[in-house]
Amino acid sequence: MADGDDDEAAELCNELARLVHASDCDVARVFELVEDRTRLPGRWTVNVGAALSAARRSQWGTAAYLAAVCAADGHALAEPDSCVTDDIWLGAGPVLAWVPPGTEQIQIATSSRSVWIPVEQVIEQESGQVRAIGASKNDLICGPVVCVKYLSVGESVEVSSIRGPGGARLKKVQVHEEDLLAHFRDCQKESCSVVARPGGATLGGLHQVLEYPVHGDYRLALLRPRFMNQQRRSHLSLAVSSVGQTLVGQAAKSAQWPFVVAIVDKSGYVDLRQEFGQVFGTNPALQKAWCHDLRSVNKKYGRSLLSMAAAVGKLDVIESLISSHANVDEKDWGCSTSPVERAAENRQWGAVVSLIGKHQARAETFLMASSPAPLAVKRAVFELHEETLRQGQQPATLREFFARHLRGEAMDAEHLVPPGFSRKAFWLSKKEVSLLATPLFHPNASPDDPLVFVKLEDDEAQRIADWVGNTQSSVCPMSLGDRGFAVRPMAGFCMVVRLPECFLGESRIQIPENVVDSLSMARCNVQVSTTTPCCREKIGGVAIFRGGQRVAVTPKGDLLTGGANGGVVSIVARDWELLSGVLSKTSIRSPEVQIVTDGKLTQVGIVVPFVLFFYIKLQESQDGDDRMVFVTPRRGEIPQDAPAFRGILAINDARVECAGNDICEVLIDVGGDSCCTVLSEMRIEASLPGWGFESSGEPANRVAELGGGCEFQRMCNGMPVCLGKLIPPVVAVASTVDTAGGPARTQRERPIRNFGGGYQNQAVQRAWR
């Protein structure tokens, strides 16, 4: 027995070796063998960097083996390559500049005022706090740095216009590239072993500030020229078009699509739209300008993985990416081109049909009106568009009912019953005709094959109805061989079957030899989990919609942690059905997720939109009632008498105005930020003049007290967050004179508070109501 196992292991090892050395490697088979613990003999450097190196040498078999071993060992396949990142960094031509004394100033915020001081007067700087000498030696200024006069990080400046005393200008510091990369790229290091002194040419032209001060030294600034010479432009253009920062990026740029599918299947969908975007750090201004420069040297920069596959018409890759939760509506960076537009631009009409037909991108069908596509393709596209418009509407004919059923649309609702028929349990009835409401199909049938009606005896009808109601079985126990069929419904019990046309004789079904004689029903057990968009934590209380109809609600978990079983529910669905989720009492649904399965239990993840309601809650204080701004994703948590917030919400680069009388509902794109970061950095401006806002810091405090976790999850479980309070304007009352001839008395300034308590400003009171 042991010898047999050894022989089998040796055979698998030989097969893996043949695949690795083959010119056309079967990547999926390599991953399958490695998952079964098959390994090749010899000394292998197993890491993502080694796999990337092999891929760049076009040794895709070796790259597939190393990637498969990395995935089996738990390594992240989406890890960026530091070597190519360093090469890109140097290719941009960063410059270390010497800032002459007396040139730059910083603004320090003290407890009472903001002060501008020369940087030479800075004594100590740590964690954003600065200690500096003021106007005199005894005047010590402490506080955070508000801004820098010239060299603000992320800003593009004309360095020739920056002059010090006597007209001194910024000069280039002579540093070797190796030292520049080793000591100055990571400006978070505490010290620098390279002694930098001026000695190079005077700098001029437009530069972007990458870091200032460098390692706490205000005499040094790290800059990047915004305008590159032809040599640097060619170097970056070649890197953008042929070099990937990650394995999946390298495979996509090398047109190795089976490798792309294998990597995405293991590590999930990878967003390539801002590849190399963080070469100079995570500062938004730095990223935006750098990505703009990359796109200026190569127009292909910024394309998504799905857009790249659509441009070359890889239909199997498109379906695989979509099943890995790629967004079919995502736009390429810098040009706002969607994958379907990219496919049409390259005349890949099969990809256009796939993207429009299966994912309801209805707005894109205008591309077909003037396209040079063949008439048959145009007709197919518009037919698919019409089908999407008919979804949710009553079918006009019996055949349309069953065809839509087989395409995956949920046809269980009463208003979707065909005209003239009534529905009872699993049957559609009309006079003497009883049709099985669930259509069946042969495994060899295609979507273009015909639908036929097959007669059933009474006992067969009972068995088939029991089978349809049994959610655990996916294959029909009844055989079809030599049964009669018709193209129209027959009296009595009938079932509707899609069969290959070659199976249909003159009046009877003829199953060829060596072909399975059975039927299938497109359905499966689906385990749906609903997660937060920020931390990917499970949340309950989310309504699940299948084909536009509510079918389940995920259970709620523990109040603080979400619970082990919260946010997961099991439903019965069919292949290719679309599922979406929506929090109770919100109007915004999640993007639809399509079910792709082999008829067995499958798992589907739905990411709930980051929807928040903003409202005001009055809290008692010494000066009256403070108007606290609260936020919650569940409208049911808002008190009935809570006034609506009116003002402007600034979230990242977006500004949302809440001007209506109803509670404001806002959809937030969290990007890659955590929920705590989004809530903490949210800026609020009241619509009334003079009103301010004071942040409470509650999101960060609560995360610290509870030891981490997801704030959005806690809010969904009934714990709203207080963002801060609105600060009313201060009204100064004029001085009055004592009528008895005494000295003048001045009434103290007092804030406008407690609009419901009878203060004098009735217009403001009405506005907040």
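Heads up: these notes are all about the structure in this document.

Cut-off values and rules
- Residues numbered from 1 in each chain as written.
- Predicted model: local features only at pLDDT ≥ 70, side-chain atom pairs only at ≥ 80, totals over all residues.
- Heavy atoms only, no water.
- Salt bridge = Lys/Arg side-chain N within 4 Å of Asp/Glu carboxyl O.
- Helix = DSSP H or I, 4+ residues; strand = E, 2+ residues; numbered from the N terminus.
- Buried < 20%, exposed > 50% of the residue type's maximum accessible area, 1.4 Å probe, protein only.
- Core = buried A, V, L, I, M, F, W, Y, C linked by side-chain atoms within 4.5 Å.
- Contact = heavy atoms within 4.5 Å.
- Arc of directions from axis to C-beta.
- Pairing = 2+ DSSP bridges.
- Axes fitted to C-alpha atoms, helices over the stretch in contact; angles between N-to-C directions.

1. Quick notes on the pattern of salt bridges
Side chains that carry opposite charge are capable of pairing whenever their charged atoms lie near each other.
Right, on to step 1. Under the defined criterion, the tally for this structure stands at 18 salt bridges.
Right, on to step 2. The residue Asp 459 makes a salt bridge to Arg 463 at a minimum N-O spacing of 3.7 Å. Highlighted residues: Asp 459 and Arg 463, both in helix H17 (residues 458-469), separated by four residues, approximately one helical turn.
Right, on to step 3. Classification of Asp 459 as partly exposed rests on a relative accessible area of 48%.
Right, on to step 4. The exposure class of Arg 463 is partly exposed, given its relative accessible area of 44%.
Right, on to step 5. One salt-bridge network, held together by shared partners, links Glu 15, Arg 29 and Glu 32.

2. With respect to the nonpolar core
Right, on to step 1. Ranked by size, the top nonpolar core spans 57 residues in total, and within it Val 30, Tyr 65, Leu 247, Phe 259, Leu 305 and Leu 321 carry the most contacts.
Right, on to step 2. Among the nonpolar cores identified, the runner-up in size contains 43 residues, and Ile 544, Leu 583, Ile 668 and Ala 686 belong to it.

3. Observations regarding the side chain of Thr 246
Right, on to step 1. Tracing the backbone through its elements, the reader meets Thr 246 in the loop between helix H7 (230-242) and helix H8 (247-253).
Right, on to step 2. Sequence-distant contacts of Thr 246, defined by excluding residues within four places in its chain, comprise Leu 52, Ala 78, Glu 79, Pro 80, Leu 272 and Glu 275.

4. A look at helix H2 (residues 27-35)
Right, on to step 1. If you check which residues of H2 are buried, you get Val 27, Val 30, Phe 31, Leu 33 and Val 34. Around the axis of H2, the buried residues are gathered within 165° of arc, so they sit on the same side.

5. Brief notes about the sheet that holds strand E2 (residues 105-109)
Right, on to step 1. Ordered in space as E3-E2-E6-E5-E4, the five strands form an open sheet in which the pairing is antiparallel. What marks the edges here is a single partner per strand, and that holds for strand E3 (114-118) and strand E4 (122-126). When the angles between neighbouring strand axes are averaged without regard to direction, this sheet yields 40°.

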